[in-house]
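So the chains spell out like this:
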Amino acid sequence: GGGIWENFGKPEAREMKYATPEYLLGTKAGKKFPGSMGPKIQAAIDFVQKSSAKGNKSAWAAIADLKDASKIMSNEEGTIV
C-alpha cells in the first residue's frame, strides 16, 4: 500500500516494488500522478540522486503508507526507489 502505481487508473495497474530514479524520470512519473504523489516521487528521486552524488551509492527512499512501516523494510508494501 501507498507505493507508486504503474499504469495508475487503468485496469492493468499494479504497485511497483522497485523503481529507479532513471526510470521515474524517463517516464516523467511525477507529472502523471495526481494529488500528493507527484511531489513524493520527486522528493524520493532528489534524495537518492543527491545522496549518490555525495558518494552514498546505496541510498534509497521508500514511498508507502506509514501504517505499513514494518512491511516497507521487507518490501512487502510500498515502492523502493
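Since the model is a prediction, treat every value here as computed from it, not as a measurement. (Residues numbered from 1 in each chain as written. Predicted model: local features only at pLDDT ≥ 70, side-chain atom pairs only at ≥ 80, totals over all residues. Heavy atoms only, no water.)

**What about the overall build of the protein chain?**
Our working definition: Strands here are runs of E lasting at least two residues and helices are runs of H or I lasting at least four, both read from the DSSP assignment and numbered beginning at the N terminus. Here the globule rule reads 2.2 Å times residues to the power 0.38, and the radius of gyration is calculated from C-alpha atoms. We call two residues in contact when some of their heavy atoms are within 4.5 Å. Areas reported here follow the Shrake-Rupley algorithm with a probe of radius 1.4 Å; residue values treat only the protein chains shown as occluding. We treat Lys and Arg as the positive residues and Asp and Glu as the negative residues; His and chain ends play no part in the count. Charged groups are reduced to one reference atom each: NZ for lysine, CZ for arginine, CG for aspartic acid, CD for glutamic acid.
In terms of regular secondary structure, the protein chain is built from four helices and four strands. Its helices and strands taken in sequence order, the protein chain reads β-β-α-α-α-β-α-β from the N to the C terminus. For the protein chain, whose C-alpha radius of gyration is 12 Å, the value lies close to the compact-globule estimate of 12 Å for 81 residues. Oriented by its inertia axes, the alpha-carbon framework of the protein chain measures out at about 40 × 30 × 20 Å. Looking at the protein chain alone, contacts between residues at least 24 apart form 48% of all its contacts between residues at least 6 apart. Here the protein chain displays about 5300 Å² of accessible surface, and carbon together with sulfur accounts for 58% of that area. Computed over 12 positive and 9 negative side-chain charges, the separation of the two mean positions in the protein chain equals 7 Å.

**What about the pattern of salt bridges?**
Condition: Put simply, a salt bridge is a Lys or Arg side-chain nitrogen that is within 4 Å of an Asp or Glu carboxyl oxygen. Burial classes follow relative accessibility: with a 1.4 Å probe on protein chains only, a residue under 20% of its type's maximum area counts as buried, one over 50% as exposed, and anything between as partly exposed.
All chains considered together, the criterion is met by two salt bridges. Close ionic contact of Asp68 with Lys67 constitutes a salt bridge, the shortest N to O distance being 3.4 Å. For Lys67, a relative accessible area of 69% puts it in the exposed group.

**Quick word on the environment of Trp5**
Checked against the element boundaries, Trp5 lands in strand β1 (residues 5-6). Trp5 sits in the partly exposed class, given a relative accessible area of 33%.

**Examining the nonpolar core**
To keep it simple, the criterion reads: In this text, buried Ala, Val, Leu, Ile, Met, Phe, Trp, Tyr and Cys residues form a nonpolar core when linked through side-chain atoms within 4.5 Å.
With 12 residues, the main nonpolar core is built from Ile4, Met16, Ala19, Leu24, Met37, Ile41, Ala44, Ile45, Val48, Ala61, Ile63 and Val81. With five residues, the top contributor of residues to this core is helix α3 (residues 37-53). The residues touching Ala19, leaving out its near neighbours within four places in the chain, are Leu24, Thr79, Ile80 and Val81.

**What to know about the side chain of Thr79**
Positionally, Thr79 belongs in strand β4 (residues 79-80). Not counting chain neighbours up to four residues away, the residues in contact with Thr79 comprise Gly3, Ile4, Glu15, Met16, Lys17, Tyr18, Ala19, Ala61, Ala62 and Ile63.

**Some thoughts on unusual backbone geometry**
What you tend to see is this: most non-glycine residues have negative phi, and most peptide bonds are trans. Non-glycine residue Asn75 carries a positive phi angle of around 60 degrees. Among the secondary structure elements, Asn75 is positioned in the loop between α4 (69-72) and β4. Owing to a relative accessible area of 12%, Asn75 belongs among the buried residues under this scheme.

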